[in-house]
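The chain contents come next:
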Amino acid sequence: MSLPTTNNNTSPSEEAHQQQQAIDAKHLEHIAIHNPRRILFLYGSQTGCAQDVAENAAREARRMHFSATVSAMDDYDRSLLIREHFVVFIASTTGQGEEPDNMKKFWKFLLRKSHPSDALDHMEYTVLGLGDSSYIKFNWPAKKLYKRLMQLGAMPFYEPAYADDQHYLGVDGTLGPWLTGLWKVALEKYPIPPPLKIIPENVIFKNSFSLVFDPKEIIDPTNNNNTHNKQQEPLDFNQEPNSYLATLLTNKRITHEKHNQDVRHIELLVKDPVFPGYHPGDVLTMRPRNLTKDVDEFLEYNGWTSIADEPLTIVENLSDHQLPKHIPHRQTIRSLLTNHLNVFMTPRTSFFQLLIHFTPNEDEKDKLREFISPAGQDDLYTYSHRVKRTIFEVLADFKDVKIPLDYMLDVFPIIMPRSFSIASAPLASVQEQSQTAVTARVNGEAVVQQVATSNGTVATGNADGELQWKIDLCIAIVHYKTKLWRWRTGVCTKWLKSLHAADELFEEATDKKEPSEFWIRIQRGTLKLPKDPSVPLICIGPGTGVAPMRSFLHHRIYAQGATQNVLFFGCRKRERDYHYREEWEQLESEGRLKVFAACSRDQEDKVYVQHLIEQQSALVWNYLHDQKGVILLSGSSNRMPADVTRALERVVAKEGKMGVEEAHAYLGKVEKEGRFQQECWA
C-alpha cells in the first residue's frame with residue numbers, strides 16, 4: 001500500500017513517475033531498510049530534548065547490533081515510510097499541545113484523508129511523549145500520533161509512555177524504565193545473531209563528526225603557476241530558510257530599578273526586501289549566542305585557546321547524522337562555542353553517560369556510573385538539576401575529563417532557538433514612529449514613511465521608499481540565585497542584555513560601535529483574533545504575557561477601530577512592574593479600552609487577575625455570552641491558567657445560574673468554538 005507524498009495538484013501519471021524516480025534514486029537505501037534488525041527513531045523536538053533521547057537510544061541500539069537510524073520527522077523522506085517495519089517515535093510538546101516545528105509537516109502528511117486504513121499495516125511502532133502535566137493538553141502530539149498510526153494500520157509492539165517534566169526526576173523518571181522495557185521487547189523480537197554479543201558499555205561509540213584542521217591556503221594542482229588558493233573562510237552561521245536579519249533599535253528596561261526582575265522592551269528593525277511581514281499574535285524566534293568572556297574562560301579551561309581561531313572543516317562520519325543546516329562546515333572552535341554549542345545549560349542524563357568514556361580516573365567513572373544507574377537518579381537530580389549546575393561546572397568538578405575535539409558535537413548540545421511573542425502590530429508601529437519622529441538612526445536612515453503591503457498590514461519605509469518593519473518584544477531577563485548560592489542568567493536573555501541598541505549608540509554619539517544584528521524567523525502564533533472587529537475581546541495577560549495582548553490590542557484599536565476591548569493585567573506593584581501602564585491608561589481615557597490591573601503586593605491581601613475577573617463577572621458574562629465575545633489568555637503556565645479557568649467557571653455559574661458541572665461544560669464548549677484560547681509557557 002502506498003502513501004502519496006506529492007502535491008495535490010500533480011496528475012496521477014506525474015505522481016507515479018516521481019514516486020518511481022524516488023525509488024530508483026534510493027535503491028541502496030531501500031536494501032538497507034529491508035534489514036530485519038533495522039530500527040528507525042523519528043523525533044519531533046522543539047528544545048532538543050526529544051532529539052537527545054533519540055540519539056542516545058540509537059547509540060544503545062547499535063550496541064545491540066541493530067541498524068539504527070535517527071531523523072527529525074520533517075527531515076525524513078516520507079516516501080520510504082511504507083517500507084519501515086520497526087519504528088520508535090519520540091515527540092515533545094510545544095505551546096498549548098502543539099507539535100514541535102520539525103514535526104508539523106510530517107503530522108499534516110499523516111492526517112491526509114486519502115491514506116487508506118491499511119497504509120502502514122506492515123509497521124510495528126511505539127511512541128514516547130515528552131511533556132509537562134501543568135499544561136492542559138499534556139503530551140497531546142504523542143497521544144494523537146499514537147492514535148493516528150494505529151488508524152493507518154500500524155501495530156504497537158510496545159506500550160507508549162508519556163514522560164512528565166513535573167516528575168521530581170523530570171522526564172528521566174519515565175524514560176529510564178521505559179527504555180529498559182523497550183530493549184527487552186526488541187531483543188525478544190530480534191535476537192542478536194550468533195556469535196555477536198552486546199557491545200560492552202565501556203567501548204566508546206563512533207564519533208558522528210570529525211574536526212579536520214586545515215591550512216588557509218592550499219596548492220591548486222590545476223594551476224600551472226602553483227599559486228596558493230585560499231580555502232573558504234570560516235562562517236559563523238548559514239542563513240536558515242525563512243530567516244531575516246534584524247537590527248536592534250531599542251533595548252531598555254521597563255521595570256523600576258528597585259524591582260527584583262529586569263523586564264526589557266526591545267525594538268527590532270527588519271529591512272530585508274523579501275521579508276513577508278507579520279501578523280498580530282505571531283511569534284519571533286532567534287538563536288542566542290554565548291558571551292565572549294564566557295567562551296574565553298571555557299577555552300582556557302579545556303586548553304583550546306591556542307587553536308581556537310584555526311580554520312577547520314567539519315566532516316560527517318555517519319550517513320544518518322548530518323550537521324544541522326545552520327552550522328557551516330567551515331568553522332573554528334571559537335565560533336562553534338560562541339554560536340552553536342550550549343556549554344552553559346544544565347546537562348541531560350545522556351551527558352553523564354558520555355563522560356564515562358573521557359576520564360581515566362576510576363573514581364570519576366564510578367561516580368558517573370552511579371549517577372546514570374536507576375538507583376542513582378535521586379543523587380543525579382540533587383547534584384545537577386536541583387541546583388542548576390551547568391555543563392561547564394560539571395566539567396570543573398570532574399577534573400580528569402578531557403573531551404576530544406572530534407566528540408564536541410556529540411557531547412555538547414546545540415543552542416536551540418528561543419521563541420517570544422511579538423508585542424506590536426505593524427500599523428501601530430508605523431503610527432508610533434510617525435508621531436515620535438525618529439529616536440534612532442540605523443546607518444543614517446530615518447524610519448518615518450507608511451507603506452501598504454500585499455497582506456493588508458502596514459510597514460515603514462525609509463526616505464528611499466524601501467520597505468522596513470519594526471517589531472517589538474517584551475522579555476523578562478532570567479536571573480536568579482541557585483541553591484549553590486551562585487547567580488545564574490539565562491543563555492538567551494544574558495546575550496540579549498549585552499547587545500548594543502541603535503538608540504543607545506545615538507544618544508552616546510559614538511561611531512565606534514554598530515547596532516547589534518542577528519537572524520530572526522517569524523512563526524504563526526496559536527492565538528487568533530475574531531475576524532469581526534465588532535466582536536468583544538477580553539485579554540488576560542499578567543507579566544510578560546501582556547506581549548501578545550499588546551499586539552492584538554494595537555491591531556484592533558489602530559487598524560480596525562474596535563472599542564469593545566478589555567485587558568486584565570497582573571503584576572506585583574503598580575509603580576514597579578506595570579508594563580506599558582501609560583499606554584493602557586491613555587487608551588482607557590480615550591474610551592477604546594477597559595483596563596483592570598491586579599497589583600498583588602500593593603495591599604495586605606494579595607490580588608491576582610482571577611480575582612478581578614470574578615469582580616467583573618457581569619462585564620465578562622456580557623462580552624462572553626450575550627455578545628459571543630472571545631477570551632485570550634497568555635502568560636506563565638504555572639498556576640495561573642488553572643486559576644483563571646476556575647474563575648471563569650465561577651463567573652459562568654454565577655451569571656448564567658448554572659451548577660458547577662454545567663459551568664465547566666459551558667466553558668469547554670466555548671473553548672471548542674475557539675472563543676477561549678490559551679498560549680502559556682513554563
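Since the structure is predicted, the reported quantities are computational estimates derived from the model, not experimental observations.

**Considerations on the overall build of the chain**
A tally of helices and strands in the chain yields 23 helices and 26 strands. Taken over 682 residues, the chain has a buried fraction of 53%. Long-range contacts, defined here as pairs at least 24 residues apart, represent 75% of the contacts in the chain between residues at least 6 apart. Summed over its atoms, the accessible surface of the chain is roughly 32000 Å², and 51% of this surface lies on carbon and sulfur atoms.

**Observations concerning the pattern of salt bridges**
All told, the structure shown has 31 salt bridges when counted by the stated rule. A salt bridge links Glu267 to Lys470, with the nearest nitrogen and oxygen atoms 3.7 Å apart. Taken together, the positions of Glu267 in strand S11 (residues 263–270) and Lys470 in strand S18 (residues 467–476) put the pair 203 residues apart, joining distant regions of the chain. By relative accessible area, Glu267 is classed as buried at 11%. Between Arg369 and Asp366 there is a salt bridge; the shortest N-O distance is 3.4 Å. Note that Arg369 and Asp366 are positioned in helix H10 (residues 362–372) at a spacing of 3 residues, about one turn of the helix. Classification of Asp366 by relative accessible area gives partly exposed; the value is 43%. Taken together, the shared-partner salt bridges in this structure form one network comprising Glu267, Lys470, Asp472, Arg550 and Glu583.

**Some details on the side chain of Ser384**
Residue placement: Ser384 occurs in helix H11 (residues 377–385). What Ser384 contacts, discounting residues up to four positions off in sequence, is Thr346, Pro347, Phe352 and Arg389.

**Digging into unusual backbone geometry**
Of note, the amide linkage connecting Pro194 to Pro195 takes the cis form, showing an omega dihedral of 5 degrees. By the secondary structure assignment, Pro195 is in the loop between helix H6 (172–189) and strand S7 (209–213). The phi dihedral of Asn139 falls on the positive side, at around 55 degrees, and the residue is not glycine. Looking at where Asn139 falls in the secondary structure, it is placed in the loop between strand S4 (124–131) and helix H5 (140–151).

**Here we look at the packing of aromatic side chains**
One pass over the full model with this rule turns up 28 aromatic pairs. Judged by centre distance (5.8 Å) and plane angle (80 degrees), the rings of Phe352 and Phe371 are edge-to-face. You can see Phe352 sitting in helix H9 (residues 349–355) and its partner Phe371 sitting in helix H10, a full 19 residues away along the chain. You'll find Phe352 and Phe371 in the same group, each marked buried. For the ring pair Phe371 and Tyr383, a centre distance of 5.1 Å and an interplane angle of 25 degrees mean the geometry is stacked. Placement of the pair is Phe371 in helix H10 and Tyr383 in helix H11, with a sequence separation of 12 residues.

**So, the sheet that holds strand S23 (residues 565–571)**
Taken together, the 5 strands give an open sheet; going across it, the order is S24-S23-S22-S25-S26, and neighbouring strands pair in parallel fashion. Where the open sheet ends on each side, the last strands, each with one partner, are strand S24 (594–599) and strand S26 (676–681). Taken over all neighbouring pairs, the strand axes of this sheet differ in orientation by 10 degrees on average, direction set aside. Bridge analysis of strand S22 (residues 537–540) against strand S25 (residues 630–636) gives 4 bridges, and the strand direction is parallel. From the neighbouring strand, Ile540 faces S25, where its bridge partner is Leu633. Of the strands in this sheet, S22, S23 and S25 touch helix H17 (residues 546–559), which is tilted by about 155 degrees from S23. Docked against the sheet, helix H21 (residues 617–626) engages S22, S23, S24 and S25, running at close to 130 degrees with respect to S23.

**Some thoughts on the side chain of Asp74**
Within the secondary structure, Asp74 sits in the loop between strand S2 (67–72) and strand S3 (86–92). One buried charged residue, Asp74, remains without a salt bridge, the closest side chain of opposite sign being Arg78 at 5.1 Å. A distance of 3.4 Å separates a polar side-chain atom of Asp74 from the backbone nitrogen of Met103. A polar side-chain atom of Asp74 sits 3.2 Å from the main-chain amide nitrogen of Lys105. Excluding its chain neighbours within four sequence positions, the residues that come into contact with Asp74 are Asp101, Asn102, Met103, Lys104, Lys105 and Phe106.

**A short note on the sheet that holds strand S13 (residues 312–316)**
Taken together, 3 strands build an open sheet; the order of strands is S7-S13-S14 and the sheet is antiparallel. Either end of the sheet is taken by a strand with one partner, and the two such strands are S7 and strand S14 (330–331). Two strands pair when backbone bridges link them, and S7 and S13 are joined in this way by 5 bridges, in the antiparallel orientation. Along S13, the bridge assignment pairs Leu211 with Ile314.

**Here's the deal with the environment of Pro191**
Within the secondary structure, Pro191 is located in the loop between H6 and S7. Remark: the alpha-carbon pair of Pro191 and Phe66, spanning 125 residues in sequence, is separated by 9.8 Å.

**Concerning the confidence of the model for the chain**
Any region with low pLDDT has predicted coordinates that should not be read closely. Across the chain, the average pLDDT comes to 87, with 85% of residues at or above 70. A low-confidence stretch, residues 4–10 (pLDDT under 50), is modelled with 16 contacts involving residues beyond four sequence positions or located in other chains. Counting contacts from residues 16–33, a segment whose pLDDT is below 50, to residues more than four positions away or on other chains yields 20 contacts.

**Regarding the packing of H10 against H11**
A pair of packed helices is characterised by two quantities: the angle between their axes and the separation of those axes. Closest axis-to-axis distance for the H10/H11 pair is 6 Å, and the angle between their directions is 105 degrees. Of the possible angle classes, the one that applies to H10 and H11 is roughly perpendicular. Residues Glu370, Phe371 and Ile372 of H10 touch H11, and the partners they reach there are Gln377, Asp379, Leu380 and Tyr383. Class assignment for the residues of the contact of H10 with H11 results in 4 nonpolar, 1 polar and 2 charged.

**Observations concerning the pairing of strand S10 (residues 243–253)**
The buried count for S10 comes to 8 of 11 residues, which makes it a mostly enclosed element. Here S10 runs beside strand S21 (residues 517–523); their pairing, made up of 5 bridges, is antiparallel. The residue bridging Ser243 from the neighbouring strand is Arg521, located in S21. Where S10 and S11 come together, 7 bridges link them in antiparallel fashion. Along S11, the bridge assignment pairs Lys252 with His265.

**A short note on the environment of Glu98**
Along the polypeptide, Glu98 turns up in the loop between S3 and helix H4 (104–110). Between the C-alpha atoms of Glu98 and Trp140, which are 42 residues apart in sequence, the distance is 7.4 Å. Beyond its immediate stretch of four places on either side in the chain, Glu98 contacts Ser92, Thr93, Lys104, Pro141 and Thr526.

What counts as what
- Residues numbered from 1 in each chain as written.
- Predicted model: local features only at pLDDT ≥ 70, side-chain atom pairs only at ≥ 80, totals over all residues.
- Heavy atoms only, no water.
- Helix = DSSP H or I, 4+ residues; strand = E, 2+ residues; numbered from the N terminus.
- Buried < 20%, exposed > 50% of the residue type's maximum accessible area, 1.4 Å probe, protein only.
- Contact = heavy atoms within 4.5 Å.
- Areas by Shrake-Rupley, 256 points an atom, 1.4 Å probe, with all protein chains shown as cover.
- Salt bridge = Lys/Arg side-chain N within 4 Å of Asp/Glu carboxyl O.
- Phe/Tyr/Trp six-rings, centres within 6.5 Å; stacked < 30°, edge-to-face > 60°.
- Pairing = 2+ DSSP bridges.
- Axes fitted to C-alpha atoms, helices over the stretch in contact; angles between N-to-C directions.
- Lys, Arg positive; Asp, Glu negative; His and termini not counted.
- Polar contact = N/O pair within 3.5 Å; in protein donor to acceptor, adjacent residues only side chain to side chain.
- pLDDT = per-residue confidence, 0-100.
- Parallel < 35°, antiparallel > 145°, perpendicular 65-115°, else oblique.
- Nonpolar A, V, L, I, M, F, W, Y, C, P; charged D, E, K, R; others polar.

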